[in-house]
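# Overview (structure and organization)
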Amino acid sequence: MDVASLLSFEQQLREAQDLLLASDGLRGLEPVAASDIPTVDFTAPFFAWVERLAKHLLEKQQDRSPRSVLTTNIPEDLRQEWQEMAPGQLLWMPLHSPSGNDHSTTVLMLFRRDPWEENDRQLATHLAGSIGHALFALRRCRWSYRLLKILRQRRLLFAVLALLFGLMWLPVRITALAPVEVIARDPQVITAAIDGAVREVMVMPNQWIEKGELLVQLEDTELSASYEVAERTLLMAKAELKTVQQSGFVDVTQKSKLSELEAAVRLRQAEVDQARLRLKKTRIIAPAQGIAILGDPNEWKGKPVRVGERIMLLADQDSVELKIMLPVKDSIALQPDALVKVYFDNDPLNAGQGHVVQAGYDPQPTPDEQLAYRLVARLDETSKTSPRIGLRGTAKVYGERVRLFFYLFRRPITALRQQLGW
């Protein structure tokens, strides 16, 4: 290697941002780079042999001084593999840091066929010093190295441990995060009044509804026909009754049929009233004003419904509450009127504050196939947020005060108790 090549190599070392570093101790000694080989394959026989040879030399040469290694000083198994794996002349060059306090082990192993001359050793020693200085400089630049050096001071380490131990006993409020949804408070349920099929839903989701507005139209073809038949039957009964009444003045025997025909007219009238009422129930009218809460209206077309089956909700947009689904794995002990902070998706920087008014004891399955407890909370009157129905977000539920240690390690402790059966 000429002087120009040597200077170029040292310049590359000074400009390097990172170098491959070996781990501490004998167990961490392993090949990290080889000339003319882009990637180190630890399963290759050559690298496995190099690793065993390096560990053997490091154990035998604790002074870590540069030297030439002869095959005669190597165990038989390593010597036999050496003949197949590498040239017979090895120059062992440990890479030291300038401070002498570097406890890591990094070694440069140079193989060639010709014996190493004194000039070669001096040049290799110079290169090893340059590489060692680069490793030392890069290692000192790392914040982790500086932190480790500080923590090696026993007094400071004990002080940090004592401070952490003291912090573990600080009382904090235990909290849990859960998805939240704004729902209507005491909404009016719009149900089917008769058995039938939905022809069309006349309103859209979140539409403002006035009292008396048509909400749903059920199929009325059959009921309209029944109503027309009932009306015609009633007209026939009335006509027959009128005929008998007029002929009674001439034929006294016809008067005996009057009571029977009058009863028939009353029966037909009841049938007409019943048919009219059933036909009227096919039109579902809004009992009050409010916001329509329902899914896709097109999904209701042609769908059969039973008496009392819910089709939609009618709610007051200013009267809302919060539905919180607290996962079972995050469940905490809740006090009555527990504090809740809500962060809605449309305004995550401003939190609304409320309190729990209802908590379910039995977990319910959620759409994502998890079990969760259903909590109902209401926003405080002082809360600045006025969410709309259907808005979602994240709720932070506050429980009782616990130690910081339990707050940080609550889940591992719970898992350990489940495994050990405490």
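Structure: above.
Since the model is a prediction, treat every value here as computed from it, not as a measurement. (Residues numbered from 1 in each chain as written. Predicted model: local features only at pLDDT ≥ 70, side-chain atom pairs only at ≥ 80, totals over all residues. Heavy atoms only, no water.)

Mapping F406 onto the fold places it in helix 9 (residues 404-408). Owing to a relative accessible area of 31%, F406 belongs among the partly exposed residues under this scheme. Taking C-alpha positions, F406 is 8.8 Å from I174, a pair spaced 232 residues apart along the chain. Other than its neighbours up to four places away in sequence, F406 contacts I174 and I413. (Helix = DSSP H or I, 4+ residues; strand = E, 2+ residues; numbered from the N terminus. Buried < 20%, exposed > 50% of the residue type's maximum accessible area, 1.4 Å probe, protein only. Contact = heavy atoms within 4.5 Å.)

Assignment of secondary structure puts T366 in the loop between strand 16 (364-365) and strand 17 (371-379). The buried category is assigned to T366, whose relative accessible area is 15%. Those residues in contact with T366, other than ones at most four positions away along the chain, are M325 and A372.

Looking now at the sheet that holds strand 1 (residues 67-69). Taken together, 3 strands build an open sheet; the order of strands is 1-2-3 and the sheet is antiparallel. What marks the edges here is a single partner per strand, and that holds for strand 1 and strand 3 (107-112). Going across the sheet, the axis of each strand differs from the next one's by a mean of 25 degrees, ignoring polarity. Across 6 bridges, the pairing between strand 2 (residues 89-94) and strand 3 is antiparallel. The partner of P94 across the bridge, within strand 3, is V107. (Pairing = 2+ DSSP bridges. Axes fitted to C-alpha atoms, helices over the stretch in contact; angles between N-to-C directions.)

We now examine the sheet that holds strand 5 (residues 188-191). What the 4 strands build is an open sheet, ordered 5-12-10-7; its pairing is antiparallel. The sheet is open, and its two edges are formed by strand 5 and strand 7 (208-209), each paired on a single side. As defined by bridge partners, strand 7 adjoins strand 10 (residues 290-293) across 2 bridges and the pair is classed as antiparallel. Counterpart to I209 in the pairing with strand 10 is G290.

Another aspect to go through is the pattern of salt bridges. Summed over the entire model, instances satisfying the criterion amount to 10 salt bridges. Between R306 and D195 there is a salt bridge, and its shortest N-O distance comes to 3.7 Å. Residue R306 is found in the loop between strand 11 (304-305) and strand 12 (310-315), and its partner D195 is found in the loop between strand 5 and strand 6 (196-201); the two are separated by 111 residues along the sequence. You can call R306 exposed: its relative accessible area is 58%. Here E271 ties to R268 by a salt bridge, and the two come within 3.3 Å at their closest N and O atoms. Separated by 3 residues within a single helix, E271 and R268 lie in helix 8 (residues 258-280), roughly one turn from each other. (Salt bridge = Lys/Arg side-chain N within 4 Å of Asp/Glu carboxyl O.)

Fair warning: the whole summary comes from geometry, so function is off the table for now.
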